[in-house]
Amino acid sequence: MDPINPLYLSTFLDLGPDWSEQPKEFAIISAYATTGEKWSAERNQQADERLQKQLVEKGAWLRSVTGYAPDTGHNEPCWATAISFDEACDIGEEFLQDAIYYVEGDQLYVSHCDSRRAKTSISKFSLKIRPMG
């Protein structure tokens, strides 16, 4: 089984101004270029818009969030949504993602989206919330 990319473990989350009460469990999914790939800004934007549309149609709780790495400055928009772990992995895989984040209570997990899917604990969710900048 391939280990989780260490970059995923060092990611922080900027919840932005529209964040409010959150469900007990939710996923954090990006549609931007998966780790190790470079996509055009247009392709990233189109993928993000398709993901947002798909999640809005589900009618579940949905908020924007930005995942970022303070040491490299890399950041990308993500969507936090109240869907099941397996559904989140399926959507991540559909959008060509290597991994998704999943929150249960105050515990943050990361998981591959493919057949290797399994929750790997990162830390307390509250410890990974930090505004960019």
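Refer to the structure above for everything that follows.
What you see is a predicted model; the values in this text were computed from it and never measured.

Criteria and thresholds
- Residues numbered from 1 in each chain as written.
- Predicted model: local features only at pLDDT ≥ 70, side-chain atom pairs only at ≥ 80, totals over all residues.
- Heavy atoms only, no water.
- Core = buried A, V, L, I, M, F, W, Y, C linked by side-chain atoms within 4.5 Å.
- Buried < 20%, exposed > 50% of the residue type's maximum accessible area, 1.4 Å probe, protein only.
- Helix = DSSP H or I, 4+ residues; strand = E, 2+ residues; numbered from the N terminus.
- Contact = heavy atoms within 4.5 Å.
- Pairing = 2+ DSSP bridges.
- Arc of directions from axis to C-beta.

## Some thoughts on the nonpolar core
Then step 1. Ile29, Leu51, Ile91 and Ile100 are the most contacted members of the largest nonpolar core, which totals 19 residues.
Then step 2. If one sorts the elements of this core by residue count, helix H3 (residues 85–94) sits on top with four residues.
Then step 3. When sequence neighbours within four positions are dropped, the list of residues in contact with Ile100 reads Ile28, Ile29, Phe85, Ala88, Cys89, Gly92, Tyr109, Val110, Ser111 and Cys113.
Then step 4. Listed in part, the 18 residues of the second largest apolar core include Ile4, Val65, Tyr101 and Ile122.

## Description of the pairing of strand S5 (residues 99–104)
Then step 1. In terms of burial, S5 is a largely internal element, five of the six residues being buried.
Then step 2. Where strand S2 (residues 25–29) meets S5, four bridges bridge the pair, whose relative direction is antiparallel. Note that in S5 the partner of Glu25 across the bridge is Glu104.
Then step 3. Judged from the six bridges that link them, S5 and strand S6 (residues 107–112) form a sheet pairing that is antiparallel.

## As for the side chain of Asn44
Then step 1. Mapped onto the secondary structure, Asn44 falls in helix H2 (residues 41–58).
Then step 2. When residues no more than four places from it in sequence are discounted, the contact partners of Asn44 are Tyr32, Ala33 and Trp39.

## With respect to H3
Then step 1. Every buried residue of H3 is accounted for by Phe85, Ala88, Cys89, Ile91 and Gly92. Down the axis of H3, the smallest arc covering the buried residues is 165 degrees, so these residues share one side.
Then step 2. Along its buried surface, H3 packs onto S2, H2, S5 and S6.
Then step 3. Two residues or fewer past H3, Leu96 is found with a positive phi of approximately 65 degrees.

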